[in-house]
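Letter by letter, the chains look like this.
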Amino acid sequence: MRAHILVVEDERHLGVGIKYNLEAEDYRVSLVEDGPSALQLIEHSSNAIDLIVLDLMLPGMSGYTVCEQIRESGNTTPVLMLSARTLSEDRARGFDVGANQYMSKPFDLYELISRVKNLLQTSPAGTVARVAPPAPETVNTIAFGRVEADFRTHQVSVDGQPIKMTPKELRLLRYFVENPERVINRSELLTQVWEMSGNLQTRAVDQFIARLRKAIEPSPAEPVHLLTVRDAGYRFVLEPETLEPEASAS
């Protein structure tokens, strides 16, 4: 099946040119000219999108915002960001909101196609073998620290007060709860929680970990339940021996 690429470009002539050349490479291409249309297509398209070519300077909603909302929804589709901005801080911001690659305008067409091919090779359709983690015990309800969670009803409370969690945040919390004390790497989380290729380069996992810590930790900057294990991944501690923040594990 041909890969499906979404091009988000408000300069009509450029967007049509990119679409034409990608179609010449036998890709299926959808073209929209603004951020809201892109987000709507991503959410409701009946055809899975394998790659997003995203212009930075869009009317009304910038490419930064579009990319950030894509990642916050838990979508890890590769994003190739295009921009006439060439400052290092612009590139850094693009990567911070979740872009996988960044190209400055004007760009060479052959380089664009090469980058598209490279990103598609590391997309969910890639051939990296997945190692199945141990089968966890299903947990429907849990209480730890200040937190109570019922995964059947999607209800979570902290100190007795209900809090809102997105379905992806709740799924991530449940995966940690069902795999306590075990070091879990980003690749496993992408595969098991996001159902994406484990070799995908994205900051979505780290962003969701940060949001989860804000919800469940007494002090998000000094976590006692959701610990970072340097160069390895994360470890969930149901009952910390002390309330000391993570030290050597950070």
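In the annotation of an unreviewed UniProt entry, the protein is listed under the name DNA-binding response regulator and assigned to Rhodopirellula bahusiensis.

### A short note on the packing of helix H2 (residues 35–44) against helix H3 (residues 63–72)
The geometry of H2 relative to H3 is characterised by a closest axis approach of 10 Å and an angle of 20 degrees between their N-to-C directions. As the angle between them shows, H2 and H3 are arranged roughly parallel. H2 and H3 meet at a crossing whose hand is right-handed. Across the interface between the two elements, Gly35, Leu39 and Ile42 from H2 touch Val66, Gln69 and Ile70 from H3. For the contact of H2 with H3, the residue count by class is four nonpolar, two polar and no charged.

### Things to note about the sheet that holds strand E12 (residues 233–236)
The sheet built from three strands is open, its strands ordered E10-E12-E11 with antiparallel pairing. Taken across any chain shown, the strands that pair with only one partner, and hence form the sheet edges, are strand E10 (183–184) and strand E11 (226–229). Pairing analysis gives two bridges linking E10 to E12, with the strands arranged antiparallel. Residue pairing across strands places Val183 opposite Arg235, the latter belonging to E12.

### Re the packing of aromatic side chains
Going through the model one piece at a time under the given rule, you end up with two aromatic pairs. Centroid distance Phe144 to Phe236: 5.2 Å. Interplanar angle 90 degrees. Geometry classified as edge-to-face. Note that Phe144 is positioned in strand E6 (residues 141–144) and Phe236 in strand E12, a separation of 92 residues in sequence. Each member of the pair, Phe144 as well as Phe236, carries the same accessibility label: buried. Aromatic pair Trp194 and Phe208: ring centres 5.3 Å apart, planes at 90 degrees, arrangement edge-to-face. One end of the pair, Trp194, is in the loop between helix H7 (186–192) and helix H8 (204–216); the other, Phe208, is in helix H8, and 14 residues separate them in sequence. Residue Trp194 shares its accessibility class with Phe208, and that shared class is buried. Cation over ring: Arg211 sits above Phe208, and NZ or CZ is 4.4 Å from the ring centre.

### Quick word on the pairing of strand E8 (residues 155–158)
As judged from the four bridges shared by strand E7 (residues 147–150) and E8, these two strands associate in the antiparallel manner. Note that in E8 the partner of Asp150 across the bridge is Gln155. Connecting E7 to the next strand, E8, in antiparallel fashion are four residues, including His154 with a positive phi near 60 degrees. Pairing geometry for E8 and strand E9 (residues 161–163), over three bridges, is antiparallel. Opposite Val158, over in E9, you have Gln161 as the bridge partner. Linking two consecutive strands that pair antiparallel, namely E8 and E9, is a turn of two residues; a positive phi of about 55 degrees is found at Asp159 within it.

### Here's the deal with the nonpolar core
Counting residues in hydrophobic clusters, the biggest one holds 30 residues, and the most contacted among them are Leu172, Phe176, Leu189 and Trp194. Counting only elements with at least two residues in this core, the list comes to E6, E7, E8, helix H6 (167–178), H7, H8 and E12. Look past the residues within four positions of Trp194 in its chain and what remains in contact with it is Gly74, Thr76, Lys168, Leu172, Leu189, Ala204, Val205 and Phe208. Core analysis: the second largest hydrophobic core is formed by 20 residues, Ala38, Met81, Val97 and Tyr102 among them.

### Points about H2
Side chains three or four residues apart in an α-helix point the same way, a direct result of the helix having 3.6 residues per turn. The complete set of buried residues in H2 reads Gly35, Ala38 and Leu39. Down the axis of H2, the smallest arc covering the buried residues is 95 degrees, so these residues share one side. Those residues of H2 that are exposed and angled more than 90 degrees off the buried face are Gln40 and His44. For H2, the secondary structure elements touched by its buried residues are strand E1 (4–8), strand E2 (28–32) and H3. The N-cap residue of H2 is Asp34: its side-chain oxygen and the backbone nitrogen of Ser37 are 2.9 Å apart.

Each value, and the rule that gives it
- Residues numbered from 1 in each chain as written.
- Predicted model: local features only at pLDDT ≥ 70, side-chain atom pairs only at ≥ 80, totals over all residues.
- Heavy atoms only, no water.
- Axes fitted to C-alpha atoms, helices over the stretch in contact; angles between N-to-C directions.
- Helix = DSSP H or I, 4+ residues; strand = E, 2+ residues; numbered from the N terminus.
- Parallel < 35°, antiparallel > 145°, perpendicular 65-115°, else oblique.
- Left-handed = near helix turned anticlockwise from the far one by under 90°.
- Contact = heavy atoms within 4.5 Å.
- Nonpolar A, V, L, I, M, F, W, Y, C, P; charged D, E, K, R; others polar.
- Pairing = 2+ DSSP bridges.
- Phe/Tyr/Trp six-rings, centres within 6.5 Å; stacked < 30°, edge-to-face > 60°.
- Buried < 20%, exposed > 50% of the residue type's maximum accessible area, 1.4 Å probe, protein only.
- Lys NZ or Arg CZ within 6 Å of the ring centre and 35° of its normal.
- Core = buried A, V, L, I, M, F, W, Y, C linked by side-chain atoms within 4.5 Å.
- Arc of directions from axis to C-beta.
- Polar contact = N/O pair within 3.5 Å; in protein donor to acceptor, adjacent residues only side chain to side chain.

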